[in-house]
Amino acid sequence: MEDGDQTEPAAPAVTAEPAAAKIPQQRGPDMLQPPLPDEPTAPPPLPDAPPHPLDAPIAPPMAWPTPSTGPAPLPPATARRRWPLVSGLVVAAGLVLALIVWIAAQGPSGQTVALPGRGLPVRSGAAAAAAPQTTAGELTVADKIRGQLAKQAKALLAGDRDGYLAGVAANLRDGYIKRFGSLRAMGVGGWTPNLVDKPSQGADGSWDVIVEYDYCLGQGCTPQSSQVVQTSWSIAGDQVTVTKYTQGTDPWDASALQALTGRRAIVAGSGATASKLQRVLTAADAAADIADRYSHWGPAPKWYIVYVAAPSEWNSWWDNTDLGPFYDGYSKGAQGVVIQSDDAGGSYLKNLLTHELGHVVTIGDTYGSADQWWLTEGIADYISDRDGQTTRGRLPSVRQFVRQGWNGSIALGPPPASAKGQEIDARYGIALLAVTCLAKKYGEGKMLDFFGGVVRNKESLESASTAYLGTAWAGVASACANEIRNA
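This report concerns the structure included in the present document. (Residues numbered from 1 in each chain as written. Predicted model: local features only at pLDDT ≥ 70, side-chain atom pairs only at ≥ 80, totals over all residues. Heavy atoms only, no water.)

1. A short note on the state of the cysteines
Note the threshold: In this description, the term disulfide denotes a pair of cysteine sulfurs within 2.5 Å. Classification of residues uses two cut-offs on accessible area relative to the type maximum, computed with a 1.4 Å probe and protein chains only: under 20% is buried, over 50% is exposed, and between them is partly exposed. Starting at the N terminus, helices and strands are each numbered in turn, a helix being any DSSP run of H or I of at least four residues and a strand any DSSP run of E of at least two.
On inspection of all chains with the given rule, the structure shows two disulfides. The disulfide bridge from Cys-216 ends at Cys-221, spanning 2.0 Å between sulfur atoms. Taking the sign of the S-S torsion, 70° for the link of Cys-216 and Cys-221, the bridge is right-handed. Overall, the relative accessible area of 1% leaves Cys-216 in the buried class. Between the sulfur of Cys-437 and that of Cys-480 lies a disulfide, 2.1 Å long from S to S. Judged by the sign of its S-S torsion, about -85°, the bond between Cys-437 and Cys-480 is left-handed. Residue Cys-437 is located in helix α12 (residues 421-442), and its partner Cys-480 is located in helix α15 (residues 473-485); the two are separated by 43 residues in the primary sequence. Judged on exposure class, the residue Cys-437 and its partner Cys-480 are both buried. If one numbers only the bonded cysteines of the chain, in the order they occur, the disulfide pattern is 1-2, 3-4.

Shown next, in the form of structure tokens:
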């Protein structure tokens, strides 16, 4: 019944790789002609003239033009003025000279040699061959991986298993099939992959990159949870294949799950717990109706996700190695809550689920610090205690704990690692009675505001008590401690 505390490092920002810049096609200034005098005599035909090297279009980067084998003919000119014969001969001679200079400028072996004063680079055939051949618009490695991830996401959401498995290495197919089946069973409604970093190439030629999947489960959901995965890819032309996927400990990734969907909850479990899912779903829908009323700081989630863990799965899902057998469940906020399968048949199943769903609406994904433990657990028990069953069940342990030397502090921390079932139950009971005391003395609304100030806004007990309860914390704590002693 303790909320899982998992803090993930802030993911580095994804840096988009810019596409190769493309220089617009340009040309040099047109050669100006002098005004032509009117003359009734038709000029002789002009000889074909080669284009000036500076008039050639500028090609995109790294794409150099093939050397020309000769001057290209100009299109036939439309006569607009008549030239004197002498002028025509002079112009013709000038054009022939220009042709000779242009041919000389080509140089041997296909080289383009700079003309004096023009500042053009010397670019030999060998140098051009050694230059990178990236062209404008060519896909980068990151683009290709993103494209493959987008195809997988589209196939997953469409229920296309073959499309989801396309581009998956043979050694990963079993894991991908299991993941596909679990997510589809739970009604995956959002699946958006993003690259966390830039792909880096390893010694074997594969490309490593961290991928973050933003996802949500259930029809009409919005992405609200994430999974971060280390991946590797092989790329051969347009063929992109994922060759490594570090399996996570999320229940839908670690186990092949079946699922049932109710009014407000989705309940999932492996084949070992499949027979218990319907009973858990009925209780989860009822618990959701209660938890919804305490979504004091924002709307209730579209769906509450509940996982039922078999004994072999209890400590493996979400790396839950710090909760022993004395605990019945824990919360991961929007990602879901987990209960032990043995508790699925208990008479307190609805209360257990209401407690865990109470965590979802009050603290979300962030559990809080150890000195706030009594508030985070106390309010979850308070939400579950609509019929008094939780209080009645915890009172015997509380009374014994008080007799054994309780120091009177209601702001208890979590049970120590060595604590047994009775002490754990007593600490939860004192937390419940303390929050109940706040609600009775100052009203439920002010109690919720006080909780939000301390746990969600990180205010001190003293300042939050004055701001939300209207009195000093010392007096509040003393009065509630007296009520617990007399319970």
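2. Some remarks on the pairing of strand β10 (residues 337-340)
What counts here: Strands are treated as partners if at least two bridges between them are detected by DSSP.
By the alternation rule, side chains of β10 split into Val-337 and Ile-339 and Val-338 and Gln-340, which are all buried. Alignment of strand β9 (residues 329-331) against β10, held across three bridges, turns out to be antiparallel. Paired with Ser-331 across the two strands is Val-337, which belongs to β10. Hairpin remark: β9 followed by β10, antiparallel, with five residues in the connecting loop; positive phi at Gly-333, about 65°.

3. Focus: unusual backbone geometry
The backbone of Trp-318 sits at a positive phi, close to 55°, despite the residue not being glycine. Within the secondary structure layout, Trp-318 lies in the loop between α8 (311-314) and β9. We note that Asp-319 has phi near 55°; this positive angle belongs to a residue other than glycine. Structurally, the position occupied by Asp-319 is in the loop between α8 and β9.

4. Focus on the pattern of salt bridges
What counts, and what does not: Any carboxyl oxygen of Asp or Glu within 4 Å of a side-chain nitrogen of Lys or Arg constitutes a salt bridge here.
For the structure shown, the criterion picks out eight salt bridges. Across the pair Arg-146 and Asp-143 runs a salt bridge whose closest N-O atoms are separated by 3.3 Å. In this pair, Arg-146 and Asp-143 are both assigned in helix α3 (residues 141-158), three residues apart and thus about one turn of the helix distant. Taking relative accessible area as the criterion, Arg-146 reaches 27% and is therefore assigned partly exposed. Here Arg-179 makes a salt bridge to Asp-253, at a shortest N to O gap of 2.7 Å. Here Asp-253 lies in helix α6 (residues 251-254) and Arg-179 lies in helix α5 (residues 173-185), a separation of 74 residues in the sequence. Note on accessibility: Arg-179 and Asp-253 belong to one class, buried. Look at the salt bridges and you will find they share partners, linking Asp-381, Arg-394 and Asp-425 into a network.

5. A short note on the pairing of strand β4 (residues 225-236)
Relative to β4, strand β3 (residues 207-217) is paired through nine bridges, and the arrangement is antiparallel. In the strand pairing of β4, Val-211 is matched with Val-229. When β4 meets strand β5 (residues 239-245), the two strands line up antiparallel, connected through six bridges. Looking at the pairing, Thr-231 lines up with Tyr-245 of β5. Where β4 folds back onto β5 in an antiparallel hairpin, the turn is made up of two residues, including Gly-237, whose phi is positive at roughly 65°.

6. With respect to the nonpolar core
Grouped burial of nonpolar side chains is what soluble globular proteins tend to show. What counts, and what does not: Among buried residues, those of type Ala, Val, Leu, Ile, Met, Phe, Trp, Tyr and Cys that are joined through side-chain atoms within 4.5 Å constitute a nonpolar core. In this analysis, two residues are considered to be in contact whenever any of their non-hydrogen atoms come within 4.5 Å of each other.
Formed by 111 residues in total, the largest nonpolar core has its most connected members in Tyr-307, Trp-374, Ile-410 and Phe-450. A per-element tally of this core places α12 first, with 12 residues. If we skip the residues at most four places from it in the chain, Trp-374 touches Ile-410, Ala-411, Leu-412, Ala-431, Ala-434, Val-435, Leu-438, Phe-450, Leu-461 and Trp-473.

7. Let's talk about the sheet that holds strand β6 (residues 258-261)
Let me state the cut-off plainly: Fitted lines through C-alpha atoms give the axes, limited to the stretch in contact for helices. The angle between two N-to-C directions lies from 0 to 180 degrees.
Judged by pairing direction, the sheet is mixed, and its five strands sit side by side in the order β6-β7-β8-β10-β9 without closing on themselves. The strands lining the two open edges of the sheet, one partner per strand, are β6 and β9. Averaged over all neighbouring strand pairs, the angle between strand axes comes to 20°, with direction disregarded. Across four bridges, the pairing between β6 and strand β7 (residues 265-269) is antiparallel.

8. Points about the side chain of Ser-226
The test is simple: Between N or O atoms, a polar contact is any pair within 3.5 Å; within protein, one atom must be a potential hydrogen donor and the other a potential acceptor, and residues adjacent in sequence are included only when both atoms are from side chains.
Note that Ser-226 resides in strand β4. A distance of 3.4 Å separates a polar atom in the side chain of Ser-226 from a polar atom in the side chain of Glu-212.

9. Comments concerning the packing of helix α11 (residues 389-403) against α12
Rules: Roughly parallel covers angles under 35 degrees, roughly antiparallel covers those over 145, roughly perpendicular covers 65 to 115, and oblique covers all other angles. If you view the pair so one helix is near and one far, a crossing is left-handed when the near helix is turned anticlockwise from the far one by less than a right angle, and right-handed when it is turned clockwise. Under the convention adopted here, Pro, Cys and the residues Ala, Val, Leu, Ile, Met, Phe, Trp and Tyr are nonpolar, Asp, Glu, Lys and Arg are charged, and Gly plus all remaining residues are polar.
Taken N-terminus to C-terminus, the directions of α11 and α12 make an angle of 110°; their axes are 7 Å apart at the nearest point. Judged on the interaxial angle alone, α12 and α11 are roughly perpendicular. By crossing handedness, the relation of α11 to α12 is classed as left-handed. Of α12, the residues touching α11 (which contributes Thr-390, Thr-391, Gly-393, Arg-394, Leu-395, Ser-397, Val-398, Gln-400 and Phe-401) are Gln-422, Glu-423, Asp-425, Ala-426, Arg-427, Tyr-428, Gly-429, Ile-430, Leu-432 and Leu-433. Residue classes in the contact of α11 with α12 are distributed as eight nonpolar, seven polar and four charged.

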